[in-house]
Amino acid sequence: MKKIIFILPFIVLVLGFTAGHIVDENLQILLKQFKIEEATAKSDVFYSVSGPSFYIPNVKVLKDLTIGDRVSTIASIGKNVKEFVSSREFISKYNQLREDRKPTPPEAPKYSAQLKEEQKESLKNSIAETEKSKAQMPKDQQAMFDEIITALKQQLKDIDDPENTMFTPEMDGYIKQSYDMQMDEYNKSVAEWEIEYPANNPKPMIKTWINTFLKNSLNINYNAKTVKNNDGKIKFVDQEYESKDGQWKLYYRAGKETVTAARTFAQNWLNELK
């Protein structure tokens, strides 16, 4: 089975920029090979970290790299990506993402007095529209609107009926109780959001990204047997491996040396973030 090169998932793509400027000549060449613009590279890295996701663009470009080149590329890319995620540009994007993911508070409740007035206004409009429709109909067809108008007027009258349980202090109590419960949930969500997305500090998000990679790339059986079927596609002999997701198969194709280097880099970075 041909090996498809695997660039460390949390590095995602080849780039060599620091604070907006490409600084590594080798990585400039690789960006051209991948046909990726610097702005696109930055955008894809941010998308991957914040996902987290592990999209690898133009992976076929990497097929011809030797194992040694793969390992050295990982180290070089890792260094530059670490610098990028510490840059003002990345943190600015992170803060915007943080605000976008902030829980939305519940709408302020409407109590009986407001609900009553809104329902009255709605019924009055309905009566007016029905009377207008009636007037536009031939005389012999107007009578069928009378029953509707009578019913609407009765509903309007019933709103002020003291026995109407829809608009009472008790109902207001239920409304407030429901709103208070929603606010409790909202406050809990905000507290969790503050922990997951602290201001000006993307470290928790980066750690989630790295931990996801370390979990997904663990226990890959690089000795799993494959076979070419009748249509020329390469498949695993063991159905257990054939049913694995795309990420697992990508790590398998990358090879043990590449993934081990990626995992080593990832673990060292994770240790620095603690």
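Cut-offs applied
- Residues numbered from 1 in each chain as written.
- Predicted model: local features only at pLDDT ≥ 70, side-chain atom pairs only at ≥ 80, totals over all residues.
- Heavy atoms only, no water.
- Salt bridge = Lys/Arg side-chain N within 4 Å of Asp/Glu carboxyl O.
- Helix = DSSP H or I, 4+ residues; strand = E, 2+ residues; numbered from the N terminus.
- Buried < 20%, exposed > 50% of the residue type's maximum accessible area, 1.4 Å probe, protein only.
- Axes fitted to C-alpha atoms, helices over the stretch in contact; angles between N-to-C directions.
- Parallel < 35°, antiparallel > 145°, perpendicular 65-115°, else oblique.
- Contact = heavy atoms within 4.5 Å.
- Nonpolar A, V, L, I, M, F, W, Y, C, P; charged D, E, K, R; others polar.
- Phe/Tyr/Trp six-rings, centres within 6.5 Å; stacked < 30°, edge-to-face > 60°.
- Core = buried A, V, L, I, M, F, W, Y, C linked by side-chain atoms within 4.5 Å.
- pLDDT = per-residue confidence, 0-100.

> Even after reading the chapter, I still don't get the pattern of salt bridges, so can you show me in this structure?
For the structure shown, the criterion picks out twelve salt bridges. For E131, the salt bridge is made with K153, and the minimal N-O distance between the two is 3.8 Å. Within this pair, whereas E131 is found in helix α5 (residues 112-135), its partner K153 is found in helix α6 (residues 143-158), the two being separated by 22 residues in sequence. On the accessibility criterion, E131 (35% relative accessible area) is partly exposed. One network of salt bridges, with partners in common, ties together K42, E89 and K93.

> Sorry if this is basic, but what is going on with the packing of helix α2 (residues 38-50) against helix α8 (residues 203-216) here?
Between two packed helices, the angle of one axis relative to the other and the distance separating the axes together describe the packing. It is at 8 Å that the axes of α2 and α8 come closest, and there the two elements cross at 80 degrees. Compared by their axis directions, α2 and α8 come out roughly perpendicular. Here S48, V49 and S50 of α2 lie close against α8, whose contacting residues are M205, I206 and W209. Partitioning the contact of α2 with α8 into residue classes produces four nonpolar, two polar and no charged.

> Explanation requested: the packing of aromatic side chains in the structure shown.
Centre-to-centre distance and the angle between the planes together describe a pair of aromatic rings. Enumeration over the complete set of coordinates arrives at eleven aromatic pairs. One aromatic cluster is present, built from ring pairs that chain together F236, Y241, W248 and Y252.

> How do you make sense of the nonpolar core when you look at a structure like this?
Nonpolar side chains in soluble globular proteins generally cluster together in the buried interior. If you look at the biggest cluster of nonpolar residues, it comprises 38 residues, and the most contacted ones within it are V49, F90, M205, I206, I210, F213 and W269. Sorting the residues of this core by element identifies α2, α3 (67-84), α4 (88-100), α7 (169-196), α8, α10 (246-254) and α11 (256-273) as the ones contributing at least two each. Among the elements that line this core, the one with the most residues is α11, at eight residues. Ignoring anything within four residues of it in the chain, the contact list for I206 reads V49, V85, W269 and L273.

> I'm lost on the confidence of the model for the chain in this one. Help?
Any segment with low pLDDT has predicted coordinates that should not be analysed in fine detail. Looking at the chain, the pLDDT average stands at 83 and 84% of residues meet or exceed 70. Confidence drops under pLDDT 50 across residues 1-23; counting only partners more than four residues distant or on other chains, this segment forms 102 contacts.

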